[in-house]
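# Observations on chain architecture
The lines below spell out each chain.
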Amino acid sequence: MLDESILIIIAILFPILAGTILLFIKEPKSRNSLLLYVSLVFVICGILTVGILLGKEQELYLFSLTEELPILFKLDALGKLFLTIAGILWCGAGIFSFSYMKHEQREKRYFGFYLITFGVLTGLSCAGNLITMYAFFEFMTLASFPLVLHSQTRASIMASLKYLMYSFFGAYMALFGVFFLCYYESTLSFVPGGALGQGVADHRELMLFAACLMILGFSVKAGCFPLHAWLPTAHPVAPAPASAVLSGVIVKAGIFAIIRVIFYQFGPDFIKGTYVQYVLLTLSLITVFMGSMLAFREKVLKKRLAYSTVSQLSYILVGIGFLTPESLTGAFWHMAAHGVIKCVLFLCAGAIIVRTGITSVEHLKGIGKKMPITIWCFTIASLGLIGIPPTSGFISKWHLAMGALDSGIGIFQYVAPVVLLVSALLTAGYLLPVPIQGFFPGADYDYGSESKCESDPDMVIPLIVLAALSLLLGIFSKGLTEYFMLLANSLL
């Protein structure tokens, strides 16, 4: 039996190598050969991922960039959470891609970078210290960039460049903090509750500034105001399954990094009550409201969902910012719930575009008559994102609101629940018109023009499974809530 630490390296390298091989081999003679290769890689990746998730928590030192900068791997509880979300969504969107991508060109290149990006995300999840996490965070941007660029239209080229520029700018802000941590602190390893020693006491203001820059830098990937503009530009131009994993997983890498910085590096006690906490809460609440308003006004379906992601990701940042066990439990819940829900919504949008060519919400009248399964999945996911019980979205937002009220942080404890409630109403306003008009198009609709055009089974099945998962997570939430609460308490 393989040692767990060696299994981690295999789980990281295998999809990267498999994807790289796919990029450099000649075009397969048949499309079935390509899909068989990708399917086999998916299965092996799934086995490896389950293996490291079930394995014991071990450290693996690989090599050192310098004497103070070791490349270290350790899959802890937070890493397992992020990797589980990534694995489920990557598999679902990947299966959906089998049918979806036959309508696109350059499938070999798409699946090559799709596999490489999953390997990099596995490495990010397993990073055992700050420098390893930062390296894989940068690799993730480079690996996912071609997914945005895929169609090679003018819009996709400009969007991918915007994605790169914003991502690099945010990463360089974070790197500034890494420099100071490395200089003043003896270890960059992740320690639940924080790794700062007594050596930083004389440099508190400088370290707070470094923490603020790191949080702001990593929040760029999460689409937080004021550096959010790349997200609604990049998501609509990417293929729908790429948009699904961008919104469900990749943008959450920024959230993952912020949790590492606050709770595993600086420590919540170091941040609590400082301007760093207030800046995070202020920008997050602004983003929640702003993203919902922009989504409400947007007419293009995929762009509406992208603005929605801007808003919903900052729900998680709000939960992190309050630094209470209840709010952090809500943040963990929303990481999982939003990932599944938004993946369903983007895949539904992709299925609609492939079958009908419609991209605008106002042209979706009667779509529920033509694609009933797809629109029912969209409806279930929409109810989850709004926060209607018993969906998983309700559970996450309940804990976020309760955590805010219990925080005792002045006006923020009252403003946050109000903003979350207003955002939920706006979410209903921009999502529910799709199923309402889709199933009840009105008396002026030409019912004689109906013709069923439901998607292929390998597009419908992932939709059904993920939509059901978003509902079942809410119905059977007790076990996960206890797990998230234990994780939150271990960090505070």
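As shown above, the structure is provided for reference.
If you're wondering where the values come from, they're calculated on a predicted model, not measured in any experiment.

### Some remarks on helix 4 (residues 107–126)
Between its first and last C-alpha, helix 4 extends 29 Å over 20 residues, near the 28 Å set by a 1.5 Å rise per residue. When you tally the buried positions in helix 4, you get 19 out of 20 residues, the bulk of the element.

### A word on the pattern of salt bridges
Tallying each qualifying case throughout the model produces four salt bridges. Here Glu 107 makes a salt bridge to Arg 31, at a shortest N to O gap of 2.9 Å. Remark: Arg 31 occurs in helix 2 (residues 31–54) and Glu 107 occurs in helix 4; sequence separation between them is 76 residues. For Glu 107, a relative accessible area of 12% corresponds to the buried category. Between Asp 76 and Arg 260 there is a salt bridge, with the nearest N and O atoms lying 2.7 Å from each other. One end of the pair, Asp 76, is in the loop between strand 2 (69–74) and helix 3 (77–100); the other, Arg 260, is in helix 10 (residues 252–266), and 184 residues separate them in sequence. We note that Asp 76, like Arg 260, is buried. Beyond isolated ion pairs, a larger network of salt bridges with shared partners links Lys 102, Arg 355 and Asp 456.

### Structural notes on the pairing of strand 1 (residues 59–66)
Summarising the sheet, strand 1 and strand 2 pair through six bridges and their orientation is antiparallel. Following the sheet pairing, Leu 60 is matched in strand 2 by Phe 73. Here strand 1 hands over to strand 2 after two residues, the two strands then running antiparallel side by side.

### Digging into helix 20 (residues 457–475)
For helix 20, which comprises 19 residues, the first-to-last C-alpha distance of 26 Å matches the rise-based estimate of 27 Å (1.5 Å per residue) to within 8%. Within helix 20 the residues assigned to the buried category are Met 459, Val 460, Pro 462, Leu 463, Leu 466, Ala 467, Ser 470, Leu 473 and Gly 474. Residues of helix 20 that are buried sit in contact with helix 3, helix 14 (325–356), helix 16 (372–386), helix 17 (392–407) and helix 21 (478–491).

### Quick look at the nonpolar core
Of all hydrophobic cores here, the largest spans 158 residues; its most connected members are Leu 124, Phe 218, Ile 320 and Phe 332. Sorting elements by how many residues they give to this core places helix 14 first, with 17 residues. Apart from the residues within four sequence positions on either side, Phe 218 is in contact with Met 133, Tyr 134, Phe 137, Gly 170, Ala 174, Gly 254, Ala 257, Ile 258 and Val 261. The next biggest cluster of nonpolar side chains, apart from the first, holds 13 residues, and it includes Val 288, Tyr 315, Ile 409 and Leu 420.

### Overview of the packing of aromatic side chains
Going through the model one piece at a time under the given rule, you end up with 24 aromatic pairs. Note on Phe 176 and Phe 180: the rings are 4.8 Å apart at their centroids and 50° apart in plane angle, and the pair reads as tilted. Taken as a pair, Phe 176 and Phe 180 lie in helix 6 (residues 154–184) at a separation of four residues, close to a single helical turn. Residue class for Phe 176 comes out partly exposed when judged on its relative accessible area of 30%. What links up through ring pairs into an aromatic cluster is the set Phe 42, Trp 90, Phe 98, Tyr 110, Phe 111, Tyr 114 and Phe 118. Positioned above the aromatic ring of Phe 137, the side-chain terminus of Lys 221 is 5.6 Å from the ring centre.

### Side note on a nonpolar patch on the surface
Taken together, Tyr 61, Leu 62, Phe 63 and Leu 65 make up a surface patch of nonpolar side chains, about 410 Å² in accessible area. Looking at the secondary structure, you find Leu 65 in strand 1.

### With respect to the packing of helix 3 against helix 14
With their axes 11 Å apart at the nearest point, helix 3 and helix 14 run at an angle of 10° to one another. Comparing their axes, helix 14 and helix 3 come out roughly parallel. The residues of helix 14 that touch helix 3, namely those facing Leu 78, Leu 81, Phe 82, Ile 85, Leu 89, Ala 93, Phe 96 and Tyr 100, are Phe 332, Met 335, Ala 336, Gly 339, Val 340, Cys 343, Leu 347, Gly 350, Ala 351 and Val 354. When the residues that make up the contact of helix 3 with helix 14 are grouped by side-chain class, the tally is 16 nonpolar, two polar and no charged.

### Observations regarding unusual backbone geometry
Geometrically, the link from Phe 225 to Pro 226 is a cis peptide bond, its omega value of 10° lying close to zero. As for its position among the elements, Pro 226 is in the loop between helix 7 (204–219) and helix 8 (230–237). Going from Pro 389 to Pro 390, the amide bond is cis rather than trans, its omega being 10°. Of note, Pro 390 is situated in the loop between helix 16 and helix 17. Phi is positive for Gln 152, close to 60°, though the residue is something other than glycine. We classify Gln 152 as partly exposed; its relative accessible area is 40%. Unusually for a residue other than glycine, Leu 323 sits at a positive phi of about 55°. Following the sequence through the fold, Leu 323 ends up in the loop between helix 13 (301–322) and helix 14.

### Comments concerning the side chain of Lys 302
Structurally, the position occupied by Lys 302 is in helix 13. Relative accessible area serves as the criterion here: at 7%, Lys 302 is assigned to the buried category. Reaching out from Lys 302, the side chain makes a polar contact with the backbone oxygen of Pro 236 at a distance of 3.3 Å. Side-chain polar atoms of Lys 302 contact the side chain of Ser 243, separated by 3.3 Å.

### Some words on the environment of Gly 254
By secondary structure assignment, the location of Gly 254 is in helix 10. When its relative accessible area of 0% is taken as the criterion, Gly 254 is described as buried. Excluding anything up to four places from it in sequence, Gly 254 contacts Phe 137, Phe 218 and Lys 221.

How each quantity is defined
Residues numbered from 1 in each chain as written. Predicted model: local features only at pLDDT ≥ 70, side-chain atom pairs only at ≥ 80, totals over all residues. Heavy atoms only, no water. Helix = DSSP H or I, 4+ residues; strand = E, 2+ residues; numbered from the N terminus. Expected span 1.5 Å × (residues − 1). Buried < 20%, exposed > 50% of the residue type's maximum accessible area, 1.4 Å probe, protein only. Salt bridge = Lys/Arg side-chain N within 4 Å of Asp/Glu carboxyl O. Pairing = 2+ DSSP bridges. Contact = heavy atoms within 4.5 Å. Core = buried A, V, L, I, M, F, W, Y, C linked by side-chain atoms within 4.5 Å. Phe/Tyr/Trp six-rings, centres within 6.5 Å; stacked < 30°, edge-to-face > 60°. Lys NZ or Arg CZ within 6 Å of the ring centre and 35° of its normal. Patch = residues over 30% accessible without salt bridge, like charges linked within 9 Å, V, L, I, M, F, W, Y side chains within 5 Å. Areas by Shrake-Rupley, 256 points an atom, 1.4 Å probe, with all protein chains shown as cover. Axes fitted to C-alpha atoms, helices over the stretch in contact; angles between N-to-C directions. Parallel < 35°, antiparallel > 145°, perpendicular 65-115°, else oblique. Nonpolar A, V, L, I, M, F, W, Y, C, P; charged D, E, K, R; others polar. Polar contact = N/O pair within 3.5 Å; in protein donor to acceptor, adjacent residues only side chain to side chain.

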